[in-house]
Structure formats: structure tokens, C-alpha cells
Amino acid sequence: QVQLVESGGGLVQPGGSLRLSCAASRNIFSIYTMGWYRQAPGKQRELVATITSGGSTNYADSVKGRFTISRDNAKSTVDLQMNALKPEDTAVYYCNADLHGLFRSWGQGTQVTVSS
């Protein structure tokens, strides 16, 4: 079990930037694949980005070139830098920890609202 707490969400104008952070409770964090997911009202939760224990990343097509995921194993944190934000990025963003598909943990989520 890894406890996750997200922070950094808020209200931003289109074209603006936000940096989300996820803090994990355990130092075993380093062996987990970490990810960010998001869920808009009436929509399914969708993958935004993942980063493996070795630092390999994957992104949803909709955020490529705009979002960057990173991790600091010494601090047990994973961040999501979000640039050039669009109204369609509005959602609750959730941090995820995955251990070989056997164990998964979710944070409580943080609201990101991009509005004109």
C-alpha cells in the first residue's frame, strides 16, 4: 500500500500553466510505476501520463508536447507540469501508483479548471 496525496490544482486561463505534485507515504515508492489520470464530469477516467521506476514516460496523445511527468524517488514525489492548458483539460486529476499490475493506489484527486 502506498498512500498518495495530490496538490497544485486550481483555476487557470487557457494557455496558462500549472504544476501538480503527488506525495507518497512510503520509501518503497521507487519500485512503482507512477501515473496521472483525469476524469471530467460524465466521462470515464483516462490516462494522462505514466513514468516507470527507470524514468521511461508515456503520454496521452491529447497532452503530448504540453505536459511533462517527472519523479524524484528520494523525495517519493511525482509531478505533472501542465503547459498551454486548454478548456478540455478541465478535470479532476488523480495520482496513481502501480506495482506490476498487482497493487494499485489512488490519491483523492485535485481539481484543475481551465476557463475563459
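Refer to the structure above for everything that follows.
Predicted model only: the values in this text are computed from it and were never measured.

Here we look at the environment of alanine 60
Phase 1: Take alanine 60: it is sitting in the loop between strand S6 (57-59) and strand S7 (67-72).
Phase 2: Separated by 19 residues in the primary sequence, alanine 60 and aspartate 79 place their C-alpha atoms 16 Å from one another.
Phase 3: Once you skip the residues sitting within four places of it in the chain, alanine 60 turns out to touch Leu47 and Val48.

Looking at the packing of aromatic side chains
Phase 1: Going through the model one piece at a time under the given rule, you end up with one aromatic pair.
Phase 2: When the ring of tyrosine 37 is compared with that of tryptophan 106, the centres are 5.0 Å apart and the planes differ by 70 degrees; the resulting orientation is edge-to-face. Of this pair, tyrosine 37 sits in strand S4 (residues 33-39) while tryptophan 106 sits in strand S10 (residues 103-106), and the two are 69 residues apart along the sequence.
Phase 3: Look at tyrosine 37 and you get buried, because its relative accessible area is 17%.
Phase 4: Geometry around tyrosine 94 places arginine 45 over its ring, the cationic atom sitting 3.9 Å from the centre.
Phase 5: For the cation-ring pair, arginine 45 lies above tryptophan 106, with the distance from its terminal atom to the ring centre recorded as 4.5 Å.

Regarding the sheet that holds strand S8 (residues 77-82)
Phase 1: Here four strands make up an open sheet; going across it, the order is S1-S3-S8-S7 and the pairing antiparallel. A strand with exactly one partner marks an edge of an open sheet, and here the two such strands are strand S1 (4-7) and S7. Pairwise comparison of adjacent strand axes, ignoring direction, gives a mean angle of 15 degrees for this sheet.
Phase 2: In this structure, strand S3 (residues 18-24) lies alongside S8, joined through six bridges in antiparallel fashion. Note that in S8 the partner of alanine 23 across the bridge is threonine 77.

Conventions and cut-offs
- Residues numbered from 1 in each chain as written.
- Predicted model: local features only at pLDDT ≥ 70, side-chain atom pairs only at ≥ 80, totals over all residues.
- Heavy atoms only, no water.
- Helix = DSSP H or I, 4+ residues; strand = E, 2+ residues; numbered from the N terminus.
- Contact = heavy atoms within 4.5 Å.
- Phe/Tyr/Trp six-rings, centres within 6.5 Å; stacked < 30°, edge-to-face > 60°.
- Buried < 20%, exposed > 50% of the residue type's maximum accessible area, 1.4 Å probe, protein only.
- Lys NZ or Arg CZ within 6 Å of the ring centre and 35° of its normal.
- Pairing = 2+ DSSP bridges.
- Axes fitted to C-alpha atoms, helices over the stretch in contact; angles between N-to-C directions.

Everything listed here is a matter of coordinates, which is why it stays silent on function.
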